[in-house]
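Topology and contacts: notes
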Amino acid sequence: MTEVATGRRSRITPEREAELYAAVLDLLREVGYDALTMDAVAARTRSSKATLYRQWGGKAQLVVRALRHMKRGHADEIDTGSLRGDLHALVAQEDDCAMEQNSALMRGVAMAMHHNDDLRQAFREQIIDPEMGGFRQVLRRAVDRGEVRPDCPALDFMVHMMVGGFATRSLLDDQPPTQRFLISYIDAVVLPALGVPVS
């Protein structure tokens, strides 16, 4: 983040920022990305539109910042001493209710990214790239501990497996992802693919 952006963002308290992000996510759930406007955000949050643009630059940046803020924790912050423990701890950060809400929200955003280049770019820069970096750290520690072979071909697909299990639960089973489902999926699919015993 540039010094100018840091200076601009510092004018809003963390509490006010969290309130704004919550309002943005509520609007996103209500109307979807395409119908969400900065005017609606300004009205909902009792802010001026000029302030929103000055702080975030535009709708895509504001929405992605709100999504980033929604995440309870990040992969690189977890270190339980085992890959299985790390992945289970990552799943445990959100309860089933939050997971269901966030799954629906992310499906809507994913659809909007197909025809909004600015949203896709902001999402990649602020969510995908940092999360990939976090997962790489988790895997590096697992390799360093000797849990996963450094030449294991599944290493390059671990994030794809994790995202796939989460994203396709509702598509294939018409049910939201749950902690129980994802932990079972990790133990049955992800860890065996990486050569990690689960018992």
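The structure this text deals with has already been given above.
Structure report, in brief. (Residues numbered from 1 in each chain as written. Predicted model: local features only at pLDDT ≥ 70, side-chain atom pairs only at ≥ 80, totals over all residues. Heavy atoms only, no water.)

**Section: the side chain of arginine 141**
Position of arginine 141 relative to the elements: it lies in helix H8 (residues 117–144). In this structure arginine 141 comes out as buried when scored by relative accessible area, which is 19%. In this structure arginine 141 touches Ala75, Asp76, Ile78, Asp79 and Asp86, once residues within four positions along its chain are discounted. (Helix = DSSP H or I, 4+ residues; strand = E, 2+ residues; numbered from the N terminus. Buried < 20%, exposed > 50% of the residue type's maximum accessible area, 1.4 Å probe, protein only. Contact = heavy atoms within 4.5 Å.)

**Side note on the pattern of salt bridges**
Applying the stated criterion across every chain yields a total of 16 salt bridges. Arginine 44 is the salt-bridge partner of glutamate 30, the closest N and O atoms lying 2.8 Å from each other. You can see glutamate 30 sitting in helix H2 (residues 14–31) and its partner arginine 44 sitting in helix H3 (residues 38–45), a full 14 residues away along the chain. Aspartate 129 serves as the salt-bridge partner of arginine 124, at 3.4 Å between the closest nitrogen and oxygen. The exposure class of arginine 124 is partly exposed, given its relative accessible area of 44%. Among the residues examined, aspartate 129 registers a relative accessible area of 38% and is labelled partly exposed. Residues joined in a network through salt bridges with shared partners are Asp79, Asp86, Arg141, Arg145 and Glu147. (Salt bridge = Lys/Arg side-chain N within 4 Å of Asp/Glu carboxyl O.)

**Regarding the layout of surface pockets**
A volume near 1,200 Å³ is recorded for the largest pocket. Looking at the largest pocket, it is lined by 34 residues, and the ones nearest its centre are Lys71, Met106, Met162, Val163 and Phe166. Counting only elements with at least two residues in the lining of the largest pocket, the list comes to helix H5 (59–70), helix H6 (83–91), helix H7 (96–113), H8 and helix H9 (158–173). Considering every element that reaches the lining of the largest pocket, the biggest residue donor is H9, with nine residues. Along the lines of polarity and charge, the residues of the lining of the largest pocket split into 20 nonpolar, eight polar and six charged. (1 Å grid on protein atoms, 1.4 Å probe; cavity = no way out; pocket = protein on both sides within 12 Å on 5 of 7 lines; lining within 4 Å. Points joined across faces, edges and corners; volume = space filled by probe spheres on them. Nonpolar A, V, L, I, M, F, W, Y, C, P; charged D, E, K, R; others polar.)

**A look at the nonpolar core**
Where a protein is soluble and globular, its nonpolar side chains tend to be buried together. Ranked by size, the top nonpolar core spans 29 residues in total, and within it Leu28, Val63, Leu67 and Leu119 carry the most contacts. Listing elements by their share of this core, those giving two or more residues are H2, H3, helix H4 (49–56), H5, H7 and H8. The dominant element in this core, judged by the number of residues it contributes, is H5, at seven residues. Apart from residues lying up to four places away in sequence, leucine 28 is in contact with Tyr33, Leu36, Val63, Leu67, Leu105 and Val109. (Core = buried A, V, L, I, M, F, W, Y, C linked by side-chain atoms within 4.5 Å.)

**Focus on the packing of H7 against H8**
Put simply, H7 and H8 touch, their axes get as near as 8 Å, and they point 125° apart. By the angle between their axes, H7 is oblique relative to H8. Touching Met106, Val109, Ala112 and Met113 of H7 are Leu119, Arg120 and Phe123, all from H8. Along the lines of polarity and charge, the residues of the contact of H7 with H8 split into six nonpolar, no polar and one charged. (Axes fitted to C-alpha atoms, helices over the stretch in contact; angles between N-to-C directions. Parallel < 35°, antiparallel > 145°, perpendicular 65-115°, else oblique.)

**Examining H6**
Among all positions in H6, only Leu83, Asp86, Leu87, His88, Leu90 and Val91 are buried. Of the surrounding elements, those touching the buried residues of H6 are H7, H8, H9 and helix H10 (179–193).

Shape descriptors only; they carry no functional weight alone.
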